[in-house]
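Secondary and tertiary structure notes
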Amino acid sequence: MTAMRILFCNYEYPPLGGGGGVITAHLAAELATRHEVTVLTSGALGLPPESRSPRGVRIVRVPVPFRAQNAVATAPSMLAFMVAGTRAGRALARVRSFDVVNTHFVLPTGPVGAAVAREAGAPNVLSLHGGDLFDPSKRLSPHRYAPLRFWIRRLLRSADAVVGQSRNTLENMRRFYTPDVPALRIPLGIPRPPRLAGDRARYGLTRDDIVLATVGRLVARKAVHELLAVVAALAEERIRLLVVGAGPLDAALRALSRRLGTEGRVRFLGPVDDEEKFRVLASADAYVSTSQHEGFGLVFLEALACGLPVVAYDHGGQSDFLRDGETGFIVPLNDRARFATCCRLLADRADLRAVLGQRARQVAEEFYIDRCATEYERVFEQVHEAGAGARATARRLTAV
């Protein structure tokens, strides 16, 4: 296999953003073992303009104003990245050639990746993450606005290849934007998590508690307020909830927990590093999420890999790999009563938790990052070879 020079473009990249940035980091790290990998992304909140990851990934960050939090991008910051990212990406392409550009999120990164690919004379692989096409919790979700739909349609049609990470994402692409663009589905993957021992005392928990955990940004789409309502409905002292994550709804959710009378049973742990996140999961009995929509849901895979049964709604890409009655329970969207019933069943039956948890680990084996990276690598090679052939043909025609 010939080593390639790969440029990833993503307006978010850890520590900025959520799952879309995280999967870019996972892919970049895995592919850097065989290829030369550069990432073009946003710079804000004191992050250095350039750095290298432990795997040798070169990370170039362009200054982006108007961003006040790691967890959430603002519309002005995304617009700023379109301008600054395009300028910086073109400059990169003029001094270092790239064999392929992989653009993550059709908006706001799509225009940047397309422009850089043109400058580099390289194919552009456009990766869709779900929220860039459809987010029911956002007033500015692009599917609601004709000008944005038109813009996205053009970006989809101009890409050399389009990749979606779930059936739901590809269905939304065809429903709202265009049914005539061929697209591949490549499920996302995670690095194999560390095997850490749980430490309940660390979180003020006892051996007899039934511990539910959830991880994610505290934003409207995650609907953590519904999860708090479920915990309140369970009304059982031994059922505890650990909430990992930060976001603009942090204070409001803490206030809601007090009003619901769950303050003593819910702990907000804030943002944590990966090691602490997996220690939380190792301390839990089940993973729960009332998210209104997920393009894929990497954290569900992390929970499965830790042997946790998962209770989640049925709306989003997680339906591709969560299996009702096998890895946990899939609940119709916003059916809180059924969600609470499933949580109570898991709380009451340690034997069921053990069976579902064992199956969860088995399913997770299908979704580690090496498999995802190999699929992407195959696409990169195909579009690069096709592009090289087209360029060679163009040169011959010019010579004639």
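First, a word on scope: everything that follows refers to the structure included in this document. (Residues numbered from 1 in each chain as written. Predicted model: local features only at pLDDT ≥ 70, side-chain atom pairs only at ≥ 80, totals over all residues. Heavy atoms only, no water.)

This next bit is on the overall build of the chain. Check the secondary structure of the chain and you find twelve helices and 14 strands. Relative to the globule expectation of 21 Å for 400 residues, the C-alpha radius of gyration of the chain, 22 Å, shows essentially globular dimensions. Seen along its three principal axes, the alpha-carbon backbone of the chain occupies a region of about 80 × 40 × 40 Å. By the burial criterion, 56% of the 400 residues in the chain qualify as buried. Across the chain, the fraction of contacts at a sequence separation of at least 24, relative to all contacts at a separation of at least 6, is 67%. By element, 53% of the accessible surface of the chain is carried by carbon and sulfur atoms, the whole surface being about 16,900 Å². Looking at the chain, you have 53 positive and 40 negative side-chain charges, and the mean spots of the two groups are 5 Å apart. (Helix = DSSP H or I, 4+ residues; strand = E, 2+ residues; numbered from the N terminus. Rg over C-alpha atoms; globule rule 2.2 N^0.38 Å. Buried < 20%, exposed > 50% of the residue type's maximum accessible area, 1.4 Å probe, protein only. Contact = heavy atoms within 4.5 Å. Areas by Shrake-Rupley, 256 points an atom, 1.4 Å probe, with all protein chains shown as cover. Lys, Arg positive; Asp, Glu negative; His and termini not counted. Charge placed at Lys NZ, Arg CZ, Asp CG, Glu CD.)

Direction vectors running N to C along helix α6 (residues 224–234) and helix α10 (residues 336–348) enclose 60°, while the axes themselves pass 9 Å from each other. When the interaxial angle is binned, α6 and α10 end up oblique. In this structure, α6 crosses over α10, and the sense of that crossing is right-handed. Contact residues: His225, Glu226, Leu227, Ala229, Val230, Ala233 and Leu234 in α6; Arg336, Phe339, Ala340, Cys343 and Arg344 in α10. Looking at the contact of α6 with α10, its residues break down into eight nonpolar, one polar and three charged. (Axes fitted to C-alpha atoms, helices over the stretch in contact; angles between N-to-C directions. Parallel < 35°, antiparallel > 145°, perpendicular 65-115°, else oblique. Left-handed = near helix turned anticlockwise from the far one by under 90°. Nonpolar A, V, L, I, M, F, W, Y, C, P; charged D, E, K, R; others polar.)

A few words on the sheet that holds strand β8 (residues 184–185). As summarised here, the arrangement of the eight strands in space is β3-β4-β2-β1-β5-β6-β7-β8, forming an open sheet in which the pairing is mixed. The open sheet terminates on both sides in strands that have one partner only, identified here as β3 (50–52) and β8. Two elements, strand β7 (residues 161–164) and β8, share two bridges in a ladder whose sense is parallel. When the sheet's bridge partners are listed, valine 163 is paired in β8 with leucine 184. Together, β1 (5–10), β2 (36–43) and β5 (100–104) form the strand contacts of helix α1 (residues 19–31), whose direction differs from that of β1 by roughly 170°. (Pairing = 2+ DSSP bridges.)

Axis separation between α6 and helix α7 (residues 250–260) bottoms out at 10 Å; the angle between their running directions is 20°. Relative to α7, the element α6 lies roughly parallel. Our pair here, α6 against α7, has a crossing hand that is right-handed. Between α6 and α7, the residues in contact are Val224, His225, Leu228, Ala229 and Ala232 and Leu253, Leu256, Ser257 and Leu260, respectively. Grouping the amino acids of the contact of α6 with α7 by side-chain chemistry returns seven nonpolar, two polar and no charged.

Among the nonpolar cores identified, the biggest contains 60 residues, and Phe8, Tyr287, Leu304 and Phe380 are the most heavily contacted of them. Membership of the second largest hydrophobic core comes to 30 residues, among which are Leu227, Leu256, Val266 and Tyr313. (Core = buried A, V, L, I, M, F, W, Y, C linked by side-chain atoms within 4.5 Å.)

What follows deals with the pairing of β2. When a strand is regular, its side chains alternate between the sheet's two faces. Among the eight residues that make up β2, seven are buried, leaving the element largely enclosed by the rest of the structure. Pairing of β1 with β2 involves five bridges; the strand directions are parallel. By the bridge assignment for β2, phenylalanine 8 is matched with valine 39. The handedness of the β1 to β2 crossover, carried by α1, is right-handed. Two elements, β2 and strand β4 (residues 58–63), share six bridges in a ladder whose sense is parallel. Bridge pairing in β4 places leucine 40 opposite valine 60. (Right-handed = clockwise from strand over helix to strand, strands pointing away.)

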